Structures are given as structure tokens and as C-alpha cells.
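Geometric and topological summary
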Amino acid sequence: MPSWVITGVSRGLGWEFMRQISNDPNNLVIGIVRNKEETEKRVAAEFPSRSNIHLLQGDLVDYASLKAAAEDTAKITGGTLDYLVANAGLVSHWDHMQTIEEVANQPEKMEEVLLEDIKINVIGNIHLLNLFTPLIKQGQAKKVIVLSTGHADLDMISQRNLDIAPLYTISKGAQNIAVSKFSALYAKDGILYLSLSPGAVDTGHLDLNHFNEKEQQRAKDLFQKFVEYAPHFKGPVSPESAVKDCLSVIEKASVNEGYGGAFISHLGTKQWL
Ligand SMILES: NC(=O)c1ccc[n+]([C@@H]2O[C@H](COP(=O)([O-])OP(=O)(O)OC[C@H]3O[C@@H](n4cnc5c(N)ncnc54)[C@H](OP(=O)(O)O)[C@@H]3O)[C@@H](O)[C@H]2O)c1
């Protein structure tokens, strides 16, 4: 029975990963969430007959909670794990539609938000990968997938002049390097560590209704840049479609196929949209 740990299953892409993977009763899914009771209620309401879902409490900024989640996972699986999907992350809204100059001109707030992004997306995920790697070593599939964003790709930023969301994307760039460092250490053990961008997905972050006038214009400019990059782009896709694409990349990618430490998209390439 393939076992999966997915972080951030309360909503968005994490919920959809859990939904699609647990749809196959042969898969065992362990979801890690900050608010376990809330997600338990939603699972009970939407999947009343799925006995292959377990929920554990864990917060990326609370090392002890992640350690306990790894220990509880070992109890459920018998000490092994096939797949870890490090999906949870902070998509910081404050800098989402601001340039690096604008955020740097608000120095205290900039430091506060960047440190929070780094604490969750970089440090939290380093703890997560470190604590779960011993279980992955004992698993069959040996795959660790970390959700990143094509917006952190250096060529994409420079060639398309993507001048907004600096703090969030800085943290994702650093996160990509952490993933590659795990790969450099453990590729010899056949463990895949992969940074995977899901594309632009409709989980609410790019909802124009949440933006003021200036932010709406920035979002429209961003979409225009996306269309110039990928003429087929019609707006963020559904979580269902993005997760389907991601799962097909996860199935295909392995250390032997040359994906160790790579940073790729839901299309399995450096095409981000
Ligand atoms: N949506 C996109 O277009 C897009 C594009 C590129 C990359 N991504 C990446 O894909 C992943 C999922 O994105 P999403 O759009 O589904 O995000 P989302 O809707 O904002 O969901 C984020 C998830 O992470 C959890 N989380 C946040 N901080 C946490 C912490 N400190 N400890 C544990 N869990 C925490 C949240 O839990 P709570 O419910 O408790 O807050 C939630 O389950 C993220 O890593 C994001 O950077 C998304």
C-alpha cells in the first residue's frame, strides 16, 4: 500500500492532492495540518467512507510538532514512507503585488514579512525533509516533492520582467536550493528530491476581487506577461487540473531518470505555464 504524507491539506492544492490520491483505496494518505479538528470535520463531511486518510497536527514553525508528526507517521506505516509532498507554505500577500523597491522602502515591514516567508518556506521545510527522510529511506518509491513556483525561476524573472512578489519568491528560490542540497546528499540512496511548480492555480491568491485598484492593475499586467510567455494562458487553472498534472510528473520523475534536485513545472519541464 503506497504511503503518502502531504502537508497543508486543509485547503487549496494540499486538499486536492489528498482528495485525488486517497481516491485510490490502495493509497494510504497522512495529511499534516495546523488545525486538525477543522480538517477532520471537512474530511468527515466530504469523504465519509474513506478509511485511508489519517490527519496529524503539524506546524512548519513548530519543530516539536513536526517531530511528533514524523513519529506518529512511523506508527501508522510501520516505519516507512513512500512519498512526501511538502505542499504547505506561506504565500505572503503583503508583497504579492509590490516591487522590491516598494517593499524595501518599508524596511521594518519588509524584514518582518521576509523573515516569516523564510521561517515557514525554507526553515520549516528543511526540518520537515530532515525529519521524514529516515522514513523515506525505508520506503519503496523514495520520492520527496516540494511545491515551488515558476515565479522563482531566474530566467523567468529576468526575461519576463516579473518585478512583483519579491519576498515570497526569494523564499521559494532559497527553498529550491535546500531541496537540491538534500538531493546532493541522498541521490546515492535513490531518493528523489524535486522542486515542483504547479503553474498558476486558482486557490484564491490571484482573485482580483481581493485587490485594491493598484493591485488589480498589477495583477492584470502580470497576466499580460503570462500571455506573452504562454499565449494559451487564460488565467489560473483549477486545483484539480494542476494536481493531475503534478501527479503525472511525480510518477514519471526519478533519480535514475535524471530528476534529482531538479526544479521543474507541472508539465515536467522548464515551461512554467
Ligand atoms: N496557487 C498557486 O497558483 C501556486 C503557484 C505556485 C506555487 N504554489 C505553491 O503551492 C503550495 C500550495 O499553494 P496553495 O495555493 O494551495 O496555498 P494556500 O491555499 O495558501 O494553502 C496553503 C496551505 O499551507 C498551510 N500552511 C501555511 N502555513 C503553514 C505552517 N506554518 N505550517 C503548516 N502549514 C502551513 C495552510 O494551512 P492553514 O489552512 O492552516 O493556513 C494551507 O493548508 C504552496 O507551497 C505554494 O507556494 C501555489
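1. Topic: the pattern of salt bridges
- Summed over the entire model, instances satisfying the criterion amount to twelve salt bridges.
- Ionic pairing is found between K41 and E38, a salt bridge with its closest N-O pair at 3.4 Å. You can see K41 and its partner E38 sitting in helix α2 (residues 36-46), three residues apart, about one turn around the helix.
- Given a relative accessible area of 45%, E38 falls into the partly exposed group.
- In this structure, the salt-bridge partner of D189 is K188, at a minimum N-O distance of 3.6 Å.
- For D189, a relative accessible area of 32% corresponds to the partly exposed category.
- Exposure remark for K188: the relative accessible area of 67% places this residue in the exposed category.

2. Concerning the site of the ligand
- Around the ligand sit 25 residues in total, of which S10, R11, R34, Y168 and T203 are the nearest.
- Here an oxygen atom of the ligand sits 2.8 Å away from a polar atom, N or O, in the main chain of L13.
- For the ligand, an oxygen atom lies 3.3 Å from a polar atom in the backbone of G89.
- A total of 900 Å² of accessible area belongs to the ligand in isolation, and the protein chains cover 91% of it.

3. Thoughts on the environment of F182
- Mapped onto the elements of the fold, F182 is located in helix α7 (residues 166-186).
- Through-space distance from the C-alpha of F182 to that of G261 is 7.6 Å; in sequence the pair is 79 residues apart.

Definitions and cut-offs
- Residues numbered from 1 in each chain as written.
- Predicted model: local features only at pLDDT ≥ 70, side-chain atom pairs only at ≥ 80, totals over all residues.
- Heavy atoms only, no water.
- Salt bridge = Lys/Arg side-chain N within 4 Å of Asp/Glu carboxyl O.
- Helix = DSSP H or I, 4+ residues; strand = E, 2+ residues; numbered from the N terminus.
- Buried < 20%, exposed > 50% of the residue type's maximum accessible area, 1.4 Å probe, protein only.
- Near = heavy atom within 4 Å.
- Polar contact = N/O pair within 3.5 Å; in protein donor to acceptor, adjacent residues only side chain to side chain.
- Areas by Shrake-Rupley, 256 points an atom, 1.4 Å probe, with all protein chains shown as cover.

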